[in-house]
Every structure is written in structure tokens, then in C-alpha cells.
Amino acid sequence: MRDATGITAGMNASGDPAAMGGISQGPGGIHAWHAERWTVIVPFFNERAHLPSCIASLARQDVPFHLVLVDNASTDGSGAVALAACAAAGVSAELLVEQEPGKVAALRTGLAVAGTEFVATCDADTLYPPDYLARAASLLDQGAVAAVAATQPPGASRCQRRLAGWKLELTSKLLPQQCLNGGAGQVFRTSALRAVGGFDPQIWNWVLEDHEIMARIEQQGRIAYHRHFECPPLERSGSGPAPGWRFHERILYHCSRAANRKAFFHAYLAAKLRARALSSERLRRHESQLSHA
């Protein structure tokens, strides 16, 4: 559950009380919250090494947004680091603490306070170009209920990143309405996300939550991809892919149809992940181990 003692609600990260009362300050100046179309949710667990770079990139967005940081009970002081990074970047933030372990629980807590038209789920180990939210809004304004950004490995050249965007857009033509990339680059129309239950451990508390949510959101409308919509990840120490599905499970997913995609997750894949103990909390531990490797 959310720890109410861990909230800095509507206060500028620097502690300036003038930032309270529905005002947010960013690189474009001071904006009333009613002008914001975006809530940006950044869940994290022991990400003090990556949070400053992520927050600095978000602070450079060319549209206003409400930043919600959800500390999933970090043990390395990540919450304080996040607020200090916000103060340094001149961006206001709402810091929440979610004691229930797992990314799904943290995302649920962040979504609960979203009062904007759109929601973006961001990862602490990812950078967001200045036009990230503006491009996402353009895709959603064209009638999509969700959109997914392209990524490339850390250090990829601009050309490689552009090729990744083209590849993702073309693949989406062959595999429409499927999740073709992870939650670090997912954006949603808030009403559609809530209409399908949002992020909820009672619905899905396993890894691959970024794919499962898309199986539900596609019932609300179109999932969009665009070659110029991208977000590059930061370099992590350590190695090894995140725990997830096996090759044949991924193939079955890509062969699924819209009518049975939700059943693929809930009637088939959930049992497989349960047998392998691949809970959302397991993913949290994996990412933390990479951060401290």
C-alpha cells in the first residue's frame, strides 16, 4: 500500500511552497496543472545511479507534465536522490512510497493520482528525448489509445536508433495491436487504461506486465507506433536479460489473435510464469542486482 508519510504532494522538489496549489515548474516556465495533458509515472527500486539522468531528460520535455515518482521501498536512498535530481533540474514532482514489492504495485500507486488526459510509464534507466511527450500526444490525438516507443541498446548511433524506429513501425504493420517493446516507452489515454482495470496486482502480478496490459488496452482501440517515437536506455552494469517468457511462448503470443490475446496471458501464460516463480517482485530484484553488479 502507499505510505502516506512518503508523499511530497504538489510541492516543487526544491521544497518551495510557492509551487504548491496546482502549479508545476519546468524548462518552459511555470504551468498551471490544468494545462498539463500528461502524468509521467516513474516507478523505481534502488535506482539511485540512474534516476538523475532520467529525471534530467524528463525535465527537458517541451510540453508540461505532472511527474509522479513511485519509490517501491528502495533501500539505497533512491527517493532522496530522486528529489534532489528534481530540484537540480527545476522540475516539480510528487513522490509516493509503495511498500508492496513489484513494479505492478508501484504503477498502480502512480496511476491512482493521475488526473490528466494522458499517462506515460517511464523507467529510471531510460532517457527521454525533449519531444518524447509531444510525439506521444500527436499519436494519441490521432485516435490511438496507447503507443509504444522504439529503443536501441545503450551507445547506439543516431542511424541505428532511426533504423530501430523504422523496424518497429514496419513490424507493427505485420503484427498489429501487439506489444512490440517494453514498458519504458509506453503511453496511454488515461480513460482507456482505467477502463480495462489499469495496473493491478489482483489482475496481473507477473513479469511481462507491459505486454499483458496491452492485451487489455487493445480492446479499447488502436495501439500506435511511429518511426520517430523512441527512448534510449541507459547503460547498466552486469549482464543478462530480464526474466520472462521462453521462445515458444513468444511465438505463440505473436501468433495470437485479438479475440484470444487476453486469454493467452490469463489462461495460458500466467500458469507458466507462476510455475517459474516469475512474479513482478522477481523482476524488481533482477533489475536491482544489475544496478549493483
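Just above sits the structure.
The notes below deal with the structure included here. Bear in mind that the values here come from a model prediction, so they are computed numbers and not experimental data.

Moving on: the pattern of salt bridges. One pass over the full model with this rule turns up 14 salt bridges. Between R135 and D131 there is a salt bridge, with the nearest N and O atoms lying 2.7 Å from each other. Assessed through its relative accessible area of 26%, D131 is described here as partly exposed. The salt bridge involving E169 is made with R227; its shortest N-O contact spans 3.2 Å. Pair noted here: E169 is in helix α5 (residues 158-174) and R227 is in the loop between β10 (223-224) and α8 (247-255), with a separation of 58 residues, a long-range link. Given the relative accessible area of 11%, E169 is considered buried. Judged by its relative accessible area of 24%, R227 falls in the partly exposed class.

Their axes nearest at 11 Å, the elements α8 and helix α9 (residues 261-275) cross at an angle of 165 degrees. The angle between α8 and α9 places the two elements in the roughly antiparallel class. Our pair here, α8 against α9, has a crossing hand that is right-handed. Contact with α8, carried on its side by H248, E249, L252 and Y253, involves R261, F264, F265, Y268, L269 and K272 of α9 and no other residues of that element. Broken down by class, the residue content of the contact of α8 with α9 amounts to 6 nonpolar, 1 polar and 3 charged.

Taken residue by residue, helix α4 (residues 132-141) has Y132, L133, A136, A137, L139 and L140 as its buried positions. The arc that holds the buried residues of α4, viewed along the axis, is 160 degrees, so those residues lie on one side. Turning to α4, the residues buried within the fold contact β4 (38-44), β7 (118-121), β8 (146-148), β9 (186-189) and β10. G143 occupies a position one or two residues after α4 and carries a positive phi of about 110 degrees.

Looking now at the pairing of strand β6 (residues 94-98). Across the 5 residues that make up β6, a large majority, 5, are buried. Burial along β6 is two-sided: E94, L96 and E98 facing one way and L95 and V97 facing the other are all buried. Pairing analysis gives 4 bridges linking strand β5 (residues 66-71) to β6, with the strands arranged parallel. Opposite L69, over in β6, you have L95 as the bridge partner. As for the winding sense of the linkage, the β-α-β connection from β5 through helix α2 (residues 78-89) to β6 is right-handed.

Conventions and cut-offs
Residues numbered from 1 in each chain as written. Predicted model: local features only at pLDDT ≥ 70, side-chain atom pairs only at ≥ 80, totals over all residues. Heavy atoms only, no water. Salt bridge = Lys/Arg side-chain N within 4 Å of Asp/Glu carboxyl O. Buried < 20%, exposed > 50% of the residue type's maximum accessible area, 1.4 Å probe, protein only. Helix = DSSP H or I, 4+ residues; strand = E, 2+ residues; numbered from the N terminus. Axes fitted to C-alpha atoms, helices over the stretch in contact; angles between N-to-C directions. Parallel < 35°, antiparallel > 145°, perpendicular 65-115°, else oblique. Left-handed = near helix turned anticlockwise from the far one by under 90°. Contact = heavy atoms within 4.5 Å. Nonpolar A, V, L, I, M, F, W, Y, C, P; charged D, E, K, R; others polar. Arc of directions from axis to C-beta. Pairing = 2+ DSSP bridges. Right-handed = clockwise from strand over helix to strand, strands pointing away.

The quantities given are spatial measurements derived from coordinates; they are silent on function.
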